[in-house]
Amino acid sequence: MRRITLVMTWLILATAVLAAPLAAKGGWPETIALPNGFRPEGIAIGKEHTFYVGSIPTGAIYRGDLKTGTGAIFIQGQAGRAAIGVEYDHGRLFVAGGPTGKGFVYSAETGALLAESQLAALPINAANPTFVNDVTLARGGAYFTDSARPFLYRLNGQGVTALPLTGDISYTTGNNANGIEATRNGKWLIVVQSNLGKLFKVDPRTGVAREIKLDQPVVNGDGLLLDGHILYVVQNRDNKVAVVVLDRRLSSGRVLTHLTDPDFDVPSTIDEFGHRLYAVNARFTTPPTLTTPYSVVRFDKLHGKGKGRGH
């Protein structure tokens, strides 16, 4: 065995620490840096440990590796595009286009634009705004929320259908329908109304919404993740994730706990990989510049082991 000097040993150790300051046990980073100035919002995890994050103002898509923390811009931003919610499904990326009122579909393998659809009716202006916020896949196609207009948009091979959101939901001042998830069987959609902190189950055929009665509101609710009867609700400006236990009929729910993490900085959306959850730090309370840093944060589900905390 070769002897290594004390100085050389110190240099090796120092290099290892500097090269992986964010690494967790097993080599999986606890935080993953995104490009400075990227202004992210949505995240989707695809094959193996590949993730995709969209840029709000440009529509660019970043593709990275959860295991190594490496990545690069996958789809370049363009004028007239935006990327808010992102969903992966069978080799495709579905992207909510925010103030453009559009939905975009890309190949998750090549980055090619497969479809660009006008979801919100024209005209779109200051007096008649739109904000296509999030997307999920269910029976009948992709479903998009609009935080400014009381509609769900269904996109499938037959085109776009605007479903009026009716029933128990009522739009008011502020950010309305935001995150959306589908039940495993595709029978129901679950939507959070950010400004009021309410949850709704929505019939994807009709757009009729019924409130899921909660023991406490989930104000600032943003991205959703449904795991069985557990619904994770990101409360962005509160820097926490509500863990909601839903009843079988989706008529009521109880906030069991909140997950927090010291690395949270206004998280917006989440996705899962095994027992891990990944949240995008959108940093909405930080003025954006070309050099503002952004990141993805790893934490664990309710019963996992890691730095995520319940309280």
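Look a little higher up for the structure.
Rules behind the numbers
- Residues numbered from 1 in each chain as written.
- Predicted model: local features only at pLDDT ≥ 70, side-chain atom pairs only at ≥ 80, totals over all residues.
- Heavy atoms only, no water.
- Phe/Tyr/Trp six-rings, centres within 6.5 Å; stacked < 30°, edge-to-face > 60°.
- Helix = DSSP H or I, 4+ residues; strand = E, 2+ residues; numbered from the N terminus.
- Buried < 20%, exposed > 50% of the residue type's maximum accessible area, 1.4 Å probe, protein only.
- Lys NZ or Arg CZ within 6 Å of the ring centre and 35° of its normal.
- Pairing = 2+ DSSP bridges.
- Axes fitted to C-alpha atoms, helices over the stretch in contact; angles between N-to-C directions.
- 1 Å grid on protein atoms, 1.4 Å probe; cavity = no way out; pocket = protein on both sides within 12 Å on 5 of 7 lines; lining within 4 Å.
- Points joined across faces, edges and corners; volume = space filled by probe spheres on them.
- Nonpolar A, V, L, I, M, F, W, Y, C, P; charged D, E, K, R; others polar.
- Contact = heavy atoms within 4.5 Å.
- Polar contact = N/O pair within 3.5 Å; in protein donor to acceptor, adjacent residues only side chain to side chain.

Enquirer: An account of the packing of aromatic side chains is needed here, citing residue identities and associated values.
Expert: Summed over the entire model, instances satisfying the criterion amount to eight aromatic pairs. Note on W28 and F273: the rings are 5.6 Å apart at their centroids and 35° apart in plane angle, and the pair reads as tilted. A residue pair is termed long-range when its members are at least 10 positions apart, and W28 in the loop between α1 (6–19) and β1 (31–34) and F273 in strand β23 (residues 267–273) qualify at 245 residues. Summarising the aromatic geometry, the rings of F38 and Y62 are spaced 6.3 Å apart at their centres and angled 70° between planes, so their arrangement reads as edge-to-face. You can see F38 sitting in the loop between β1 and β2 (40–45) and its partner Y62 sitting in strand β4 (residues 61–65), a full 24 residues away along the chain. Overall, the relative accessible area of 4% leaves Y62 in the buried class. Members of the aromatic cluster, joined through ring pairs, are F38, F51 and Y62. Against the face of W188 rests K201, its NZ or CZ located 4.4 Å from the ring centre.

Enquirer: An account of the sheet that holds β2 is requested, with residue identities and associated values reported.
Expert: Sheet architecture is open: four strands sit in the order β2-β3-β4-β5, paired in antiparallel fashion. In this open sheet, the two strands that pair with only one neighbour each are β2 and β5 (71–75). Taken over all neighbouring pairs, the strand axes of this sheet differ in orientation by 30° on average, direction set aside. With four bridges joining them, β4 and β5 adopt antiparallel strand pairing. Paired with Y62 across the strands is I73, a residue of β5.

Enquirer: Requested: an account of the layout of surface pockets, with residues and values cited.
Expert: Roughly 900 Å³ of volume is contained in the largest pocket. Every residue lining the largest pocket is counted, 40 residues in all, and those nearest its centre are E181, A182, T183, R184 and L226. Looking at side-chain class alone, the lining of the largest pocket contains 17 nonpolar, eleven polar and twelve charged residues. Size it by volume and the second largest pocket reaches roughly 280 Å³.

Enquirer: Tell me what's going on with the environment of S194, and back it up with residues and numbers.
Expert: Assignment of secondary structure puts S194 in the loop between β16 (189–193) and β17 (198–202). With relative accessibility at 5%, the residue S194 sits in the buried group. Separated by 24 residues in sequence, S194 and V218 have C-alpha atoms that sit 7.5 Å apart. Not counting residues up to four positions away in its chain, the partners in contact with S194 are N175, N176, N178, V219, N220 and G221. A distance of 3.0 Å separates polar atoms of two side chains, one belonging to S194 and the other to N178.

Enquirer: With reference to specific residues and values, describe the sheet that holds strand β8 (residues 102–107).
Expert: Overall, antiparallel pairing links the four strands, which are arranged β6-β7-β8-β9 in an open sheet. Every interior strand has two partners, whereas the edge strands, β6 (86–89) and β9 (113–118), have only one. Each adjacent strand pair in this sheet contributes to an overall mean axis angle of 15°, direction not counted. Taken together, the four bridges between β6 and strand β7 (residues 92–96) define a ladder with antiparallel strand orientation. Directly across from V86, in β7, lies its bridge partner V95.

Enquirer: Can you explain the pairing of strand β24 (residues 276–281)? Please cite residues and give values.
Expert: With six of its six residues buried, β24 lies for the most part within the structure. Neither face of β24 is open: one carries R276, Y278 and V280, the other L277, A279 and N281, and all of them are buried. Note that β23 and β24 share five bridges and pair antiparallel. The residue of β24 that forms the bridge with F273 is R276. Following β23, the chain reverses through two residues before pairing antiparallel with β24; G274 in that reversal takes a positive phi of roughly 65°. Note that β24 and strand β25 (residues 294–300) share six bridges and pair antiparallel. Each bridged residue has a counterpart across the sheet, and for V280 the counterpart in β25 is V296.

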